[in-house]
Amino acid sequence: MTDLAQLVPYDEALSRYEPVIGIETHVELGTTTKMFCGCPTTFGLEPNSAVCPVCLGLPGSLPVANRAAIEYTIRIGLALNCSIATWCRFARKNYFYPDMPKDFQISQYDEPLCTDGWLDVVVGGRTVRVGIERVHLEEDTGKSLHMGGATGRIHGAEYSLVDYNRAGIPLVEVVTKPVAGTGALAPEAARAYVTELRDLLRALGVSDVRMEEGSLRSDVNVSLAPNGAAEWGTRTETKNVNSLRSVERAVRFEIERQAAVLDAGQKVVQETRHFHEDHGTTTAGRSKEEAQDYRYFPEPDLVPVAPDRDWVEQIRASLPELPAARRARLQAEWGLSGLEMTQLQNAGALDLIGATVGAGASAADARKWWMGELARHANVAGTDLAELPITPAEVARVSALVQAGTINDKLARQVLEGVLAGEGDPDAVVAARGLAIVSDDAALTEAVDAAIAANPDIAAKIRDGKTAAVGALVGAVMKATRGRADASRASALILDRLG
Amino acid sequence: MAARDAGAGSKLTRLTAAEIAAAVASGEVSAVEVTQAHLDRIVAVDSDVHAFLHVAGNAALAAAEDVDRKRAAGEPLGPLAGVPLALKDVMTTADMPTTCGSKILEGWRPPYDATVTRRLRDAGVVILGKTNMDEFAMGSSTENSAYGPSHNPWDLTRIPGGSSGGSSAAVAAYEAPLAIGTDTGGSIRQPASVCGIVGMKPTYGGSSRYGLVAFASSLDTPGPLARTVLDAALLHEVMSGHDPCDSTSVDAPVPPVVAAARQADVSGLRVGVVTEFSGGGSQTGVQARFTEAVELLESLGAKVVEVSCPHFTYALPAYYLIAPSECSSNLARFDAMRYGLRAGDDGTRSADEVMSLTREAGFGPEVKRRIMLGTYALSSGYYDAYYGKAQQVRTLITQDFEAAFEQVDVLVSPTTPTTAFPIGERVDDPMAMYLADLFTIPSDLAGNAAISVPCGLAPEDGLPVGLQIMAPALADDRAYRVGAAVESALEQRWGGPLLAKAKELREPSGGTQ
């Protein structure tokens, strides 16, 4: 079913079917040490250097739960408006795999730490409340590297290597309730949810939420039902979708694919699917029939987790300002419409603008530069705004130089270009490129005189009182000074001479 | 020289741990001499007894030298410094192999010491080596060891009990005055009983499981084996206490077990005879000795009553669902990927195939049986009927204990229904083998303390019978107090320890080897 010819065009699919989505997101917590031992969680260490008897699952070793990880999970649960369990247990999820040292994963099953919450996201100008089913805590597995094959997958590989540095890193799984009613906006809603969740987790300081390093990974559930159907359709679960853009694409692709399956009178197979970044497609993985029986049972090596209510309230009281509240505050402070705010958020410009304002620029100026000239540069370079080699402080300095009249908007664009090119900070670029506005009469008079001499017809018109023509002479002055002339002073000098 | 050493050595091996510790502390004898005497005894008798899977002679002598050096330097010594000990091969040791009696771990050298191992070393206890056991502690005879059975020093044709049978045999054969065992369904008390020595299962969580290769996590409890109740208490105190590396470890002071063993007084104590375990079902001589022991307690001033624990009869089936369920998960890690045996890895097979071939080749039949039982009991659709139901029974058994301990201070029963049976008798009948743990399992399921002390020989076969004394959780001292009183009264009656009645093991002539 991955033949692209068998897809139904998106709009057509949506004309007949109603999508329901659900998202499971795994987040590696940013604790200093692992979930059940004292090994560091640092990313990128020499393979198998951050390991000990516990996270290697050596015979005789025992887990001890990391209090900080439990606190982080409660923090996430509270921020997602969940109930926090008064008593819950870890469970063993049993299955054999070489990158899982004990051949079972310590997870939570029917007693998650946090349940029944919600997260509001803005999609297409309206707010969609995404229900949160549960937030639970578990340990990550090691990482298998399949060597010698063409694809990097286990199929066709000559041998495999396992790095257990990641094994035992605390992992939180956030599971949404099914989200229905978003229609054609389903892919966008999925992306908006993961974006909002990522920003929330970042604000909570519980994870570095780097999708490219795998510290935040989402599985995307999609099902389709004919319009007006009483029941939802069979869902597929697309695993490890590792960028915001991919989340959107995966949902979109599954809608187009499942519509084709249903159009052909076939049934959607309940299965896990793999997403392929390069084509934006999904292919079948394990089906429900082959699904494993994980033989969950309460983990006897750990005592139950019973978070004290006072502790939970302390955590609640210590929550930072959350992204939604912050956005509302900034929107009011900056005097923006909801749509403008959404644009800033989608462009990833909120923090940058906030920091630029913090460095002294006006909100209007900060927004103008980040969403205008700098967004254009980012677009050309194909990167995110945040990746541009310029700091909010530097943008604020450019804004200040304009305000002071040292440069104008046109020169400011050259200054930004210089900073991005690595020529130094804004002041250095202004100095090196000689971009400061020339308003000194002595320097301007020469250019003014040359312009008058070169354009006798225009000069005559001005002498005749047609002062509107002065603009043409100012243009000539600007051209001669490569844009650096103080336009109003040049205009005054021209009128002075010809008046 | 050899002759003199043999004579002096054989005397040293007959001493209790308390006597050895005192002699080492006073300088009457060196720890090295004591250690050498026991190593000599091992050389002399272990080819017959087969208590040890690994003897660490050099490491033991080095540890003994360390104790002697400390003593010479005037440094303080622990209460068991310089006393040799046999360690069950289920506890990890950084300087010795740890096989758990299984082929799948043959040659594995753990990179770390178990907490119990470390505490023993820190206390100056001299670890002689690792003792034989039923594979992964599953069995009651050591016949499930992949390395051949151990033999009962009372009668070498009979089993020494299990799973800690190597440990009980080593102590009964004077190869070590102390041993560590682990109890999951009776694996300390039953071997102690059939070897005529003392074995204590502490309160669950009273001794650390960190470094104990797990069979059933919610049941496994390390504990002491010794020839006297006081020795067991001394070892209990050294090995126990809260361990932050074991979440299930009890964060409370170790009960005053040594003081209780010295107190040895039962006057005014209420003793309950478990109705369900005192009727038929036991061998005649076992029943007779048990009845005498109860009469003895009464004569010592205890008030004896019958107490019914109606759910104890369901303990065995509940145990054989809970323990295999946990073992099916605990033993999953033996998958050939990181350590231990790897079978069939010829470059053509997948990881899955190598895992299967390794587990097929590496595990013995009893381990496979329990893994399959447990896998089944935890399966989706069967969980509630098996594992879930067994956990409910477990709760009922715990409640039976709680109700009983409102009426009495301790409960008593025979430790095991029979004396040591002949090697080979039950190997083809797992149900008969499981019955050996009939009386010991309830305390494992409830997690309370229980001790086995010798209470005589069965007239029909002349083999040892054990008395089990069960005390509430965290009241381990009470078990010692009653055990020591029984021991003291019986030794007066017998004119010495029961073990003195065992016939001498044949030592090769010509002194030490």
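Criteria and thresholds
- Residues numbered from 1 in each chain as written.
- Chains lettered and ligands numbered in written order.
- Predicted model: local features only at pLDDT ≥ 70, side-chain atom pairs only at ≥ 80, totals over all residues.
- Helix = DSSP H or I, 4+ residues; strand = E, 2+ residues; numbered from the N terminus.
- Rg over C-alpha atoms; globule rule 2.2 N^0.38 Å.
- Buried ≥ 20, exposed ≤ 12 C-beta atoms within 10 Å, placed from the backbone.
- Contact = placed C-beta atoms within 7 Å.
- Pairing = 2+ DSSP bridges.
- Axes fitted to C-alpha atoms, helices over the stretch in contact; angles between N-to-C directions.
- Nonpolar A, V, L, I, M, F, W, Y, C, P; charged D, E, K, R; others polar.
- Core = buried A, V, L, I, M, F, W, Y, C linked by C-beta atoms within 7 Å.
- Domains from an automatic or database assignment.
- Expected span 1.5 Å × (residues − 1).
- Arc of directions from axis to C-beta.
- Parallel < 35°, antiparallel > 145°, perpendicular 65-115°, else oblique.
- Left-handed = near helix turned anticlockwise from the far one by under 90°.
- pLDDT = per-residue confidence, 0-100.
- Bend = angle between axes of the 7 residues up to and from the residue.

S.K.: What exactly am I supposed to notice about the overall build of chain A here?
M.R.: Helices and strands together make up the secondary structure of chain A, namely 16 helices and 15 strands. What you see for chain A is a C-alpha radius of gyration of 30 Å, clearly larger than the 23 Å of a compact globule of 499 residues, by over 25%. Projecting the C-alpha coordinates of chain A onto the three principal axes gives extents of approximately 95 × 55 × 50 Å. Looking at chain A residue by residue over its 499 residues, the buried ones come to 41%. Taking the contacts inside chain A whose residues are at least 6 apart along the sequence as the reference set, 69% of them involve residues at least 24 apart.

S.K.: Help me understand the overall build of chain B in this model?
M.R.: Helix and strand counts for chain B come out as 18 helices and 11 strands. The globule rule puts the C-alpha radius of gyration for 513 residues at 24 Å, and the 22 Å found for chain B is close to it. Taken along the three principal axes of its C-alpha coordinates, chain B extends 65 × 65 × 45 Å. Each of the 513 residues in chain B was classed as buried or not, and the buried ones make up 62%. Here the contacts in chain B between residues at least 6 apart in sequence split such that 78% fall between residues at least 24 apart.

S.K.: Where do I start with the sheet that holds strand 1 (residues 52-55) of chain B in this structure?
M.R.: Across a sheet, paired strands are connected by hydrogen bonds in the backbone, their directions being either parallel or antiparallel. All names here are of chain B. Ordered in space as 1-3-2-4-6-5-10-11-9-7-8, the 11 strands form an open sheet in which the pairing is mixed. Looking at the sheet topology across the chains shown, the edges are occupied by strand 1 and strand 8 (303-307). Taking the axes of each pair of neighbouring strands and ignoring which way they run, one obtains an average angle of 30° across the sheet. As defined by bridge partners, strand 4 (residues 178-183) adjoins strand 6 (residues 221-226) across six bridges and the pair is classed as antiparallel. Residue pairing for strand 6: isoleucine 180 is matched across the bridge by proline 224.

S.K.: I'm lost on the interface of chain A and chain B in this one. Help?
M.R.: Note on interface size: it is often stated as the accessible area lost on association of the parts. The interface is formed by 24 residues belonging to chain A together with 32 residues belonging to chain B. A per-class count over the side of chain A that touches chain B returns 15 nonpolar, three polar and six charged.

S.K.: Even after reading the chapter, I still don't get the nonpolar core, so can you show me in this structure?
M.R.: The nonpolar side chains of a soluble globular protein tend to be buried, and buried together. In this structure, B:Leu85 and B:Leu128 are the most contacted members of the largest nonpolar core, which totals 244 residues. The next biggest cluster of nonpolar side chains, apart from the first, holds 25 residues, and it includes A:Leu344, A:Leu374, A:Ala412 and A:Val429.

S.K.: Would you take a moment to explain the domain arrangement of chain A for this structure?
M.R.: Its domain assignment divides chain A into domain 1 (4-315), domain 2 (321-433) and domain 3 (441-498). Inter-centroid distance (C-alpha atoms) of domain 2 of chain A to domain 3 of chain A is 34 Å.

S.K.: When you look at unusual backbone geometry in this model, what are you seeing that I'm missing?
M.R.: Peptide bonds are, in most cases, trans, and in most cases residues other than glycine have a negative phi. Residues and elements named next belong to chain B. The step from glycine 162 to serine 163 runs through a cis peptide bond, and the omega angle for that step is 5°. With respect to the helices, strands and loops of the structure, serine 163 is situated in the loop between strand 3 (126-131) and helix 6 (165-172). Of note in this structure, alanine 137 is not a glycine but carries a positive phi near 70°. By secondary structure assignment, the location of alanine 137 is in the loop between strand 3 and helix 6.

S.K.: Please explain the environment of B:Ser207 as it appears in this structure.
M.R.: Residues and elements named next belong to chain B. Within the secondary structure layout, serine 207 lies in the loop between strand 5 (198-201) and strand 6. Distance from serine 207 to serine 140, taken between C-alpha atoms, is 22 Å for residues 67 residues apart in sequence. Those residues in contact with serine 207 that lie beyond four places of it in its chain are Val116, Pro202, Thr221, Pro222, Gly223, Met239 and Ser240.

S.K.: When you look at the environment of A:Arg166 in this model, what are you seeing that I'm missing?
M.R.: All names here are of chain A. Here arginine 166 lies in the loop between strand 8 (159-163) and strand 9 (170-176). Sequence spacing of arginine 166 and proline 47 is 119 residues, and the spatial spacing of their C-alpha atoms is 9.3 Å. Every residue in contact with arginine 166, bar those within four places of it in the chain, is listed here: Asp140, Thr141, Gly142 and Lys143.

S.K.: How should helix 14 (residues 365-377) of chain B be read in this particular structure?
M.R.: Owing to its 3.6 residues per turn, the α-helix aligns residues three or four sequence positions apart on the same side. Residues and elements named next belong to chain B. Taking 1.5 Å per residue as the helical rise, helix 14 with its 13 residues ought to reach 18 Å, and the 18 Å between its terminal C-alpha atoms agrees with that figure. Every buried residue of helix 14 is listed here: Val367, Arg370, Ile371, Gly374 and Ala377. In an axial view of helix 14, the angular spread of the buried residues amounts to 130°, which keeps them on one side of the axis. Facing away from the buried side of helix 14 by more than 90 degrees, the exposed set consists of Pro365 and Met372.

S.K.: Sorry, what's going on with the sheet that holds strand 4 (residues 104-107) of chain A here?
M.R.: Residues and elements named next belong to chain A. Reading across the sheet, the three strands line up as 4-3-15 and stay open at both edges, with antiparallel pairing between neighbours. The open sheet is flanked by strand 4 and strand 15 (297-298), the only strands paired with a single partner. The pairing of strand 3 (residues 91-94) with strand 15 spans two bridges and is classified as antiparallel. Bridging across to strand 15, alanine 91 finds its partner in proline 298.

S.K.: Whenever I open this one, the environment of B:Asp251 confuses me. Can you help?
M.R.: Within the fold, B:Asp251 resides in the loop between helix 8 (229-239) and helix 9 (257-263). Separated by 99 residues in sequence, B:Asp251 and B:Asn152 place their C-alpha atoms 37 Å apart.

S.K.: Would you mind going over the packing of helix 9 (residues 363-381) of chain A against helix 10 (residues 392-403) of chain A with me for this structure?
M.R.: Helix-helix packing: each pair is described by the crossing angle between the helix axes and the interaxial distance. Residue and element names in this part refer to chain A. Close contact between helix 9 and helix 10 brings their axes to 10 Å; oriented N to C, the two are set at 115°. Classed by the angle they form, the pair helix 9 and helix 10 counts as roughly perpendicular. Note that helix 9 runs across helix 10; the crossing there is right-handed. Each of Asp365, Ala366, Trp369 and Trp370 in helix 9 lies in contact with helix 10, whose residues at this interface are Val395, Val398 and Ser399.

S.K.: Got a minute to help me understand the confidence of the model for chain B in this structure?
M.R.: All names here are of chain B. Chain-level pLDDT for chain B is 95 on average; 98% of the residues reach the 70-or-more range. A low-confidence stretch, residues 1-5 (pLDDT under 50), is modelled with five contacts involving residues beyond four sequence positions or located in other chains. Across the whole predicted complex the pTM is 0.89, and at the interface the ipTM reaches 0.95.

S.K.: Mind showing me how you'd approach helix 9 of chain A here?
M.R.: Residue and element names in this part refer to chain A. Given a rise of 1.5 Å per residue, 19 residues ought to cover 27 Å, and the 25 Å separating the end C-alpha atoms of helix 9 matches this to within 8%. For helix 9, the principal kink sits at alanine 375 and spans about 40°. Every buried residue of helix 9 is listed here: Asp365, Ala366, Arg367, Trp369, Trp370, Leu374 and Ala378. Looking at the packing, one finds that the buried side of helix 9 touches helix 7 (338-346), helix 8 (350-358), helix 10 and helix 11 (409-420). Positive backbone phi, approximately 70°, marks glycine 382, located one or two places after helix 9.

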